[in-house]
Amino acid sequence: MKRSILLSLTFSFIIGIFTVSCKKEQKIIKLGKKCEKGDKCEKGSKCLGGKCEDITGDNPECKYLKKASQSIMEANPKKLLSGVNFKYDKDIISTIPSQAGNIYKAFSKSIGRSECKRIINCELPKLGVGYEWFWTRAAWNATKKIPKGGKKVPQGIVKVVSANTEQASIGEDPKEFPAIKIKQMDDHRIGCRGKVKVRVSDKFSGFVTFHFWKKDKCKFVPAEKGNKDSQPKFECDGTKKLVHPHYTYTVYLSPMSSSELKQRKGKKKDTTFLTGNPGTYLLDVWAYNPINEEKLGMHKQFENETEMKAYPSFKFCPKYTDDKFNNGCGCIGLMENKITISVNPDPFYLSYDEKKCTE
């Protein structure tokens, strides 16, 4: 009996030693090396997707993603658009911070470096498609870095090739005319239309503002009394680029995929079709020109029709009437055939690789 107990204890002791020795000999796999489920990775890493991955978050990709997603989640669109007169869709904008919040929540658990890379390249570019300005500017404000794969947006790649201005009437269909201009032209619908040819020489992501120009410091000089040969005239001292919303038009451009381009090109009456893709575009740009002699000196007003007819060589604008399509003299005081642009590029552009992200 004693011998049996002794043998049993001895056997258990040997098994224990064998087990301990096996545990001691378990291989610890280094960071970045291949592993299988159940393998032990070195401290701060875990076997994810067949490799020992850093789960501390203390790597460039995860550090960037954490800062960026938090900043996007907390961003104020009005501050991001400081200095840019652009009306955005509030419904679209409201979804972007909540989506960024879901990304930020991932850091409450162990998240590997490769997953941070994937989210940066496959999830961030999908935050508000067509509204990339929101997340890129918010991310840049927090990190001052361009993520790997991102590209800095150059300044001089969007240029006006030509512009032809003419007085024209704007309708009420937002499919044909910019909604913001329809709203501005509430008093009358006669404006100055510029047919502008624009060239985008490389991928561009950011805001483009079209500016009309005016003849500056204009004064009306009446005909010299007693001199039959004397004619009334306007004397102007220089020219000036206009920045008031009435005389500007701002659009946001970002590169589109081939499928998005095909869909847009299929739409009829899309007179403001312009993208951040390389190419040459022809579009209508409108200036709403309210009769205001202080802003545009050549909007000289006369009190009655008889007085106006005394100067047949001049085109003077009538007062507003109840008819919105009266002759509002849409181009009076503006420089003929002169429209320029100013750009406010996003800090960077990060393309979405659909094939890579869906594999």
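Look up: the structure comes first, before these words.
Residues numbered from 1 in each chain as written. Predicted model: local features only at pLDDT ≥ 70, side-chain atom pairs only at ≥ 80, totals over all residues. Heavy atoms only, no water.

What exactly am I supposed to notice about the packing of aromatic side chains here?
In this description, an aromatic ring pair is defined by two values, namely the gap between the centres and the angle between the planes. Under the criterion given, the structure shown has nine aromatic pairs. Cluster of aromatic residues (ring-pair linked, three or more members): Phe86, Tyr88, Tyr131, Trp133, Phe134, Phe207 and Tyr252. Lying over the aromatic face of Trp213, Lys338 brings its terminal NZ or CZ to 3.8 Å of the ring centre. (Phe/Tyr/Trp six-rings, centres within 6.5 Å; stacked < 30°, edge-to-face > 60°. Lys NZ or Arg CZ within 6 Å of the ring centre and 35° of its normal.)

I would appreciate a short explanation of the layout of surface pockets in the present structure.
Regions of empty space are outlined by a rolling probe, equal in size to a water molecule, passed over the atoms. The computed volume of the second largest pocket comes to approximately 450 Å³. Lining the second largest pocket are 19 residues, with Glu61, Lys117, Ile120, Asn121 and Lys148 positioned closest to its centre. Elements represented by at least two residues in the lining of the second largest pocket include exactly helix H2 (60–74), helix H5 (113–122) and helix H10 (354–358). The biggest single contributor to the lining of the second largest pocket is H5, with five residues. The residue inventory of the lining of the second largest pocket, partitioned by class, reads eight nonpolar, three polar and eight charged. (1 Å grid on protein atoms, 1.4 Å probe; cavity = no way out; pocket = protein on both sides within 12 Å on 5 of 7 lines; lining within 4 Å. Points joined across faces, edges and corners; volume = space filled by probe spheres on them. Helix = DSSP H or I, 4+ residues; strand = E, 2+ residues; numbered from the N terminus. Nonpolar A, V, L, I, M, F, W, Y, C, P; charged D, E, K, R; others polar.)

Before we go on, may I ask you to explain the sheet that holds strand E5 (residues 158–169) in this structure?
Working definition: the strands of a sheet are paired by backbone hydrogen bonds and lie parallel or antiparallel to each other. Spatial strand order, E5-E6-E12: three strands in an open sheet with antiparallel pairing. Both outer strands of the open sheet, E5 and strand E12 (279–287), are each paired with one neighbouring strand and no more. Strand-to-strand, the axes of this sheet are offset by a mean angle of 20°, without reference to chain direction. Direction of pairing for E5 relative to strand E6 (residues 190–200): antiparallel, over a ladder of eleven bridges. Directly across from Glu166, in E6, lies its bridge partner Arg193. (Pairing = 2+ DSSP bridges. Axes fitted to C-alpha atoms, helices over the stretch in contact; angles between N-to-C directions.)

Please explain the state of the cysteines as it appears in this structure.
Here is the idea: a disulfide is a covalent bond, and it sits between the sulfur atoms of two cysteines. A full pass over the atoms with the stated rule returns six disulfides. The side chain of Cys192 participates in a disulfide bridge whose partner is Cys331; the two sulfur atoms lie 2.1 Å from each other. Between Cys192 and Cys331, the disulfide has an S-S torsion of 95° and is therefore right-handed. In this pair, Cys192 sits in strand E6 while Cys331 sits in the loop between helix H9 (305–309) and strand E13 (334–345), placing the two residues 139 residues apart along the sequence. Put simply, Cys218 and Cys236 are joined by a disulfide, and their sulfur atoms are 2.1 Å apart. What sets the handedness of the Cys218 and Cys236 disulfide is the S-S torsion sign, and at about 110° it is right-handed. You can see Cys218 sitting in the loop between strand E7 (206–215) and strand E8 (219–221) and its partner Cys236 sitting in the loop between strand E9 (233–235) and strand E10 (239–241), a full 18 residues away along the chain. Judged by its relative accessible area of 13%, Cys218 falls in the buried class. (Disulfide = S-S within 2.5 Å. Buried < 20%, exposed > 50% of the residue type's maximum accessible area, 1.4 Å probe, protein only.)

From the geometry alone we can't say anything about function, so treat these as descriptive.
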